[in-house]
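Commentary on secondary and tertiary structure
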Amino acid sequence: MNVLEIDNVTKRFGNLVAVRDVSLNVAQGELCAIIGPNGAGKTTFFNLISGFFPPTSGTITFDGRDITKLATHERVARGMARTFQITEIFPELTVFENVRIAAEVAGGYRLRPWINRAEAAKVAQHVEATLNLVALETKNDRLVGELAHGDQRAAEIAMALALKPHLLLLDEPTAGMGDQETFQITQLIRRLHRDSKYSIVLIEHDMRVVFHLADRICVLDQGRMLAQGTPQEIAANETVQAAYLGNAA
Amino acid sequence: MTAEPIRKLIVLAAIWIVLLLAPFWMVPLGGYTALATRVLVLGLAAMSLNFLLGFTGVLSFGHAAYFGLGAYGAGLTLKYLALSTPLAVVAGMLLGGLCGAILGMLLVRRRGVYFAMVTIAFGQVFYYIAFQWSSLTGGDDGLRGFSRQPLDLGLIKLDILTDANNFYYFVLFCFALAVGVMGFILRSPFGRTMIAIRENERRSRFLGIPVERHIWIAFTLSCFFMGFAGALYALVNNFADPRGLHYSQSGDFVMMAVMGGMRSFWGPLLGAAVFVVLQDYLSSITVNWMSFVGLLFILVVLFFPRGLLGFFQRSKA
């Protein structure tokens with residue numbers, strides 16, 4: 001079964017066509033990587049999926065329901081979570097507080113002007129389990145703004161995971177990282193995919209990461225879907241090599 | 001780990017002891033009880049504004065409108081409907097809060113400067129209504145001809161009109177109630193979504209928080225508290241003034257909140273105390289008292305950007 005089905009989606013900004021007639025299916029438990037040169041429309045494509053803005057045409061189906069017209073928070077409520085290329089966190093709150101906000105939303109408490117002891121304990125447990133997953137449990141009461149870049153990225157992923165999503169959208173999870181940090185985040189994503197069976201779509205520039213992680217690779221170029229396939233197929237694809245891999249290597 | 005909560009508890013106890021004993025220490029220091037009452041009421045107003053400004057990160061520059069509506073609501077109730085102080089306070093709160101709820105729906109899609117401008121515009125609408133509708137509101141002269149009524153506590157009747165101490169404690173009781181509710185909300189899951197929106201609106205949205213709806217609720221709650229404070233203000237003066245709705249009054253509230261420290265819960269109360277006491281003292285010396293308050297404001301913003309209380313509080317880390 002497909003978690004996400006995107007049919008012939010187009011996004012125009014005035015005369016610019018940022019995404020042109022792109023279709024993509026993501027199966028349950030699949031890790032799909034989107035690559036492409038700068039300006040290929042990868043982030044715009046992500047913004048369409050997560051509801052940052054609506055597509056000009058085309059439909060987006062999530063868990064069998066048409067979500068093309070839904071607002072961001074409604075998509076999140078249906079089980080879609082994302083991270084950003086430039087980390088979006090609550091810098092002046094602690095790691096625990098950051099993730100707790102997500103956990104309370106996921107628990108359905110966001111409009112509640114009170115929370116009882118048992119519920120608070122359940123939320124705290126969920127937060128701690130999530131922090132364990134991303135190996136941040138020892139940095140519980142540190143302010144997120146003071147953490148190293150890699151830990152901030154991990155905290156952002158933890159916030160997304162605390163929402164208990166069916167689909168995780170990661171926009172360049174290794175952006176701006178050194179080798180060591182890239183390795184750690186790659187291992188984390190691998191664990192989420194292999195062990196926790198998350199369905200994941202990610203945008204990534206680092207080809208080592210992409211070929212290491214992805215079940216399937218989609219290549220975007222100038223807003224079009226240039227090719228889709230397994231890492232082996234993409235590596236062997238001549239059009240892709242000409243448009244992208246050739247320049248990168 | 002345990003030192004922090006204990007320190008907070010001590011500070012909290014100190015604040016309440018100071019407030020509870022105010023009639024006893026204000027007079028020897030050259031003040032008077034009614035001045036303390038004014039500090040409480042304007043402090044509550046500044047804290048209500050700060051509920052939105054400091055904890056949701058949304059600046060309203062027209063909050064005096066809901067303060068003034070509370071005052072007129074209480075005054076009109078006492079004058080025309082019922083001779084009951086509690087009823088007047090509730091009526092004022094409802095008038096301010098409900099108007100805030102309705103206008104809030106039109107406001108929440110705006111952000112930053114645009115939000116502030118639209119709140120000013122709406123506030124001025126209420127100002128001109130109060131100013132022009134003389135037959136109901138008394139127009140430029142303000143609403144007169146009512147006075148706060150004794151409190152009927154069943155066994156005893158409490159005179160709050162002539163006994164300044166009784167009235168102070170009545171206001172302190174109302175203040176404690178409102179501030180208690182505010183503090184309670186801020187420690188709840190809903191309160192934490194407010195802080196989330198202040199910290200990072202985009203992240204909040206992508207955590208599944210419908211940001212507009214939450215800002216609307218915070219705005220509405222803030223207007224209810226504001227109306228409550230306004231109703232008490234009408235009781236303080238036995239008078240409701242159209243200038244209480246004017247945007248310059250809104251500016252005063254913003255000044256109190258920023259001067260006291262808008263990131264701290266109690267900061268605006270301190271800001272209001274400084275503002276009110278300076279006004280009381282300086283206005284007996286010079287008509288240009290506002291220049292001195294303004295000078296102090298500039299100094300605070302330049303040298304203590306986190307406000308007076310923010311300066312005393314150590315950073316959380």
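Residues numbered from 1 in each chain as written. Chains lettered and ligands numbered in written order. Predicted model: local features only at pLDDT ≥ 70, side-chain atom pairs only at ≥ 80, totals over all residues.

1. Some remarks on the overall build of chain B
In terms of regular secondary structure, chain B is built from 15 helices and two strands. For 317 residues, the compact-globule formula gives about 20 Å, and the C-alpha radius of gyration of chain B, at 19 Å, lands near that figure. Principal axes of the C-alpha set define a box for chain B whose edges measure 55 × 45 × 45 Å. A total of 317 residues make up chain B; the buried ones form 49% of that total. A separation of at least 24 residues holds for 73% of the contacts in chain B among residues at least 6 apart in sequence. (Helix = DSSP H or I, 4+ residues; strand = E, 2+ residues; numbered from the N terminus. Rg over C-alpha atoms; globule rule 2.2 N^0.38 Å. Buried ≥ 20, exposed ≤ 12 C-beta atoms within 10 Å, placed from the backbone. Contact = placed C-beta atoms within 7 Å.)

2. A closer look at the overall build of chain A
Counting its regular elements, chain A contains nine helices and ten strands. Taking 249 residues into account, the globule formula puts the C-alpha radius of gyration at 18 Å, and chain A, at 18 Å, falls close to it. By its C-alpha atoms, chain A is 60 × 40 × 35 Å across when sized along the principal axes. Scored against the burial criterion, the 249 residues of chain A give a buried share of 45%. Counting only contacts in chain A whose residues sit at least 6 apart along the sequence, the fraction spanning at least 24 positions is 65%.

3. A short note on the domain arrangement of chain A
Interface extent is often summarised as the accessible area lost during association of the parts. Residues and elements named next belong to chain A. By domain assignment, chain A separates into domain 1 (2–79 + 165–248) and domain 2 (94–163). Computed from C-alpha coordinates alone, the two centres of domain 1 and domain 2 are separated by 26 Å. The interface of domain 1 with domain 2 comprises ten residues on the first partner and eight residues on the second. For the side of domain 1 that touches domain 2, the element with the most residues is helix α6 (residues 179–194), which contributes four residues. (Domains from an automatic or database assignment.)

4. Structural notes on the interface of chain A and chain B
The interface is formed by 25 residues belonging to chain A together with 19 residues belonging to chain B. Put simply, the parts of the chain that give the side of chain A that touches chain B at least two residues each are α2 (72–77) and α3 (95–106) of chain A.

5. Side note on helix α11 (residues 211–237) of chain B
Relative to the 39 Å expected for 27 residues at 1.5 Å per residue, α11 of chain B spans 39 Å between its end C-alpha atoms, a close match to the ideal helical length. With respect to burial, α11 of chain B is a largely interior element, 22 of its 27 residues being buried. (Expected span 1.5 Å × (residues − 1).)

6. Focus: the sheet that holds strand β3 (residues 31–35) of chain A
Residues and elements named next belong to chain A. In space, the six strands of this open sheet follow the order β6-β7-β8-β3-β9-β10, with mixed pairing throughout. A single partner strand is all that each edge strand has here, and the edge strands are β6 (80–82) and β10 (224–229). Mean inter-strand twist for the sheet, computed between neighbouring axes without regard to direction, equals 15°. (Pairing = 2+ DSSP bridges. Axes fitted to C-alpha atoms, helices over the stretch in contact; angles between N-to-C directions.)

7. Re the confidence of the model for chain B
Residue and element names in this part refer to chain B. Chain-level statistics for chain B give a pLDDT mean of 92 and a share of 98% at 70 or above. The secondary-structure element of chain B with the lowest mean pLDDT is helix α15 (residues 307–312), recorded at 81, while α11 shows the highest, at 97. For this predicted complex, the interface score ipTM comes out at 0.91, alongside a pTM of 0.92. (pLDDT = per-residue confidence, 0-100.)

8. Re unusual backbone geometry
Residue and element names in this part refer to chain A. Even without a glycine there, the phi angle at Lys164 is positive, about 50°. With phi around 45°, Glu172 is a residue other than glycine that occupies positive phi space. Along the chain, Glu172 turns up in the loop between β7 (167–171) and α6.

9. Considering the packing of helix α9 (residues 189–199) of chain B against α11 of chain B
Two numbers describe a pair of packed helices, the interaxial angle and the distance between the axes. Residues and elements named next belong to chain B. Their axes nearest at 10 Å, the elements α9 and α11 cross at an angle of 115°. The angle between α9 and α11 places the two elements in the roughly perpendicular class. Between α9 and α11 the crossing geometry is left-handed. Two secondary-structure elements touch here, α9 through Thr193, Met194 and Ile197 and α11 through Val211, His214, Ile215 and Ala218. The class makeup of the residues in the contact of α9 with α11 is five nonpolar, two polar and no charged. (Parallel < 35°, antiparallel > 145°, perpendicular 65-115°, else oblique. Left-handed = near helix turned anticlockwise from the far one by under 90°. Nonpolar A, V, L, I, M, F, W, Y, C, P; charged D, E, K, R; others polar.)

10. Overview of the pairing of β3 of chain A
Residue and element names in this part refer to chain A. The buried fraction of β3 is high, at five of five residues. Going residue by residue along β3, you find Leu31, Ala33 and Ile35 tucked away on one face and Cys32 and Ile34 tucked away on the opposite face as well. By the bridge criterion, four bridges tie β3 to strand β8 (residues 199–203) in an arrangement that is parallel. Along β8, the bridge assignment pairs Ile34 with Ile203.

11. Structural notes on the sheet that holds strand β5 (residues 65–66) of chain A
Residues and elements named next belong to chain A. Pairing in this open sheet of four strands is antiparallel, and the strands run β2-β1-β4-β5 from one edge to the other. Both edges of this open sheet fall to β2 (16–27) and β5, since each of them pairs with a single strand only. Where strand β1 (residues 2–13) meets β2, eight bridges bridge the pair, whose relative direction is antiparallel. Bridge pairing in β2 links Asn2 to Ala27. Each of β1, β2 and β4 (57–62) touches helix α1 (residues 42–50); the most contacted strand, β2, lies at about 60° to it.

12. Structural notes on the environment of Leu232 of chain B
All names here are of chain B. On the secondary structure map, Leu232 appears in helix α11. On the basis of neighbour count, Leu232 is assigned to the buried category, with 32 C-beta atoms found within 10 Å. Between the C-alpha atoms of Leu232 and Leu81, which are 151 residues apart in sequence, the distance is 17 Å. Apart from residues no more than four positions distant in its own chain, Leu232 is found in contact with Val41, Val89, Val171 and Cys174.

13. Some words on the pairing of β4 of chain A
Residue and element names in this part refer to chain A. As paired strands, β1 and β4 are joined by five bridges and run antiparallel to one another. Within the sheet, the bridge partner assigned to Asp7 lies in β4 and is Thr59. Examined bridge by bridge, β4 and β5 share two bridges and lie antiparallel to one another. Of the residues in β5, the one forming a bridge with Thr61 is Asp66. Two successive antiparallel strands, β4 and β5, enclose a turn made up of two residues, where Asp63 displays a positive phi of approximately 50°.

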